[in-house]
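Chain and residue survey
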Amino acid sequence: MRLTLSTWNINSVRLRIDLVAKFIKAQRPDILCLQETKCPDDAFPAKRFKRLGYEHIALNGQKGYHGVAIVSKLPFAATDVRTFCDIVDSRHISVSLDTGNDVPPLVVHNFYVPAGGDVPDPAVNPKFKHKLSFLDEMKACEPLHPSGDQRHILVGDLNVAPHEHDVWSHKQLLKVVSHTPVETDKLLTVLRAGNWVDVARERIPLTEKVYTWWSYRNADWTVGDRGRRLDHIWVSEALKDRVTDFKILRDARSWERPSDHVPVTVVMDV
């Protein structure tokens, strides 16, 4: 079975539902994971998604902030929501799918890691402290440690660009939240603790620049190409050799009233 999965920080699903529909009609992923949906579950545009062919919807939303969702053409065998740092702020949802063929279920984790504010000092910035604690708890979270033949996918806006060429200027961003050494070390520790495979960097050499986010502060995002790779797709070892394609839809950053993030897609034989 060939599966196409996309992840996208949409920065308000209701505001940008037409952009989501445009993407879906062009790319037709089987599963779409969204972050920063920014709406409570009862206000999520579920009817629109169902008209687009996504009958199965898992939600963890709240009014105005954060929020994650998974919409799928395939039915869910189970869903789960986890809280981190004892804060109920709608940053995680997971689903399990039974793809048959006598193989373990496919588990998809969708995350929106805290951005961390502007000051990279946990002593003076509670948002940054929260982010570091969140990453620590992800490292310790047992369901994020797939082993053996367990088929897990972890996606989302992880709000960290971990490698030198995941940002437009490693030197200039070393003291900027999302690329500070303490954050990059913690995210890579989460990766190693779960024996995850970073699909982008498995397929694109570390020497090449790769971005998924460009700030709204730049009137023309293409000038200087000052991006960061904040959006990730990781797979467990059991799926590593099943990946057949990976792509980042940079053009979506130029759509009308776009998100500052673009969709990231993986294709796998599952």
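Everything quoted here is computed from the prediction, not taken from an experiment.

In this section: the overall build of the protein. When its secondary structure is counted, the protein shows six helices and 14 strands. Overall size of the protein, expressed as C-alpha extent along the three principal axes, is 50 × 40 × 35 Å. Residues classed as buried in the protein amount to 54% of the 270 residues present. Contacts in the protein between residues at least 24 apart in sequence constitute 68% of all its contacts with a sequence separation of at least 6. Of the roughly 12,100 Å² of accessible surface on the protein, 48% is carried by carbon and sulfur atoms. For the protein, the separation between the mean place of its 37 positive charges and that of its 35 negative charges on side chains is 5 Å.

This part takes up the sheet that holds strand 14 (residues 264-269). Strand order in the open sheet made by the six strands is 3-4-2-1-14-13, with mixed pairing throughout. Of all strands in the sheet, those with a lone pairing partner are strand 3 (56-60) and strand 13 (243-248), marking the two edges. Adjacent strand axes in the sheet meet at a mean angle of 10°, parallel and antiparallel pairs treated alike. Note: strand 2 (residues 31-35) against strand 4 (residues 68-72), five bridges, orientation antiparallel.

Interaxial distance between helix 3 (residues 126-140) and helix 5 (residues 181-193) falls to 8 Å at its minimum, and their mutual angle equals 15°. As judged from the angle between their axes, helix 3 and helix 5 are roughly parallel. In this structure, helix 3 meets helix 5 at a crossing whose hand is left-handed. On helix 5, the residues that touch Phe 128, Lys 131, Leu 132, Leu 135, Asp 136, Met 138 and Lys 139 of helix 3 are Val 182, Glu 183, Lys 186, Leu 187, Thr 189, Val 190 and Ala 193. In terms of residue class, the contact of helix 3 with helix 5 is built from eight nonpolar, one polar and five charged.

Calculation notes
Residues numbered from 1 in each chain as written. Predicted model: local features only at pLDDT ≥ 70, side-chain atom pairs only at ≥ 80, totals over all residues. Heavy atoms only, no water. Helix = DSSP H or I, 4+ residues; strand = E, 2+ residues; numbered from the N terminus. Buried < 20%, exposed > 50% of the residue type's maximum accessible area, 1.4 Å probe, protein only. Contact = heavy atoms within 4.5 Å. Areas by Shrake-Rupley, 256 points an atom, 1.4 Å probe, with all protein chains shown as cover. Lys, Arg positive; Asp, Glu negative; His and termini not counted. Charge placed at Lys NZ, Arg CZ, Asp CG, Glu CD. Pairing = 2+ DSSP bridges. Axes fitted to C-alpha atoms, helices over the stretch in contact; angles between N-to-C directions. Parallel < 35°, antiparallel > 145°, perpendicular 65-115°, else oblique. Left-handed = near helix turned anticlockwise from the far one by under 90°. Nonpolar A, V, L, I, M, F, W, Y, C, P; charged D, E, K, R; others polar.

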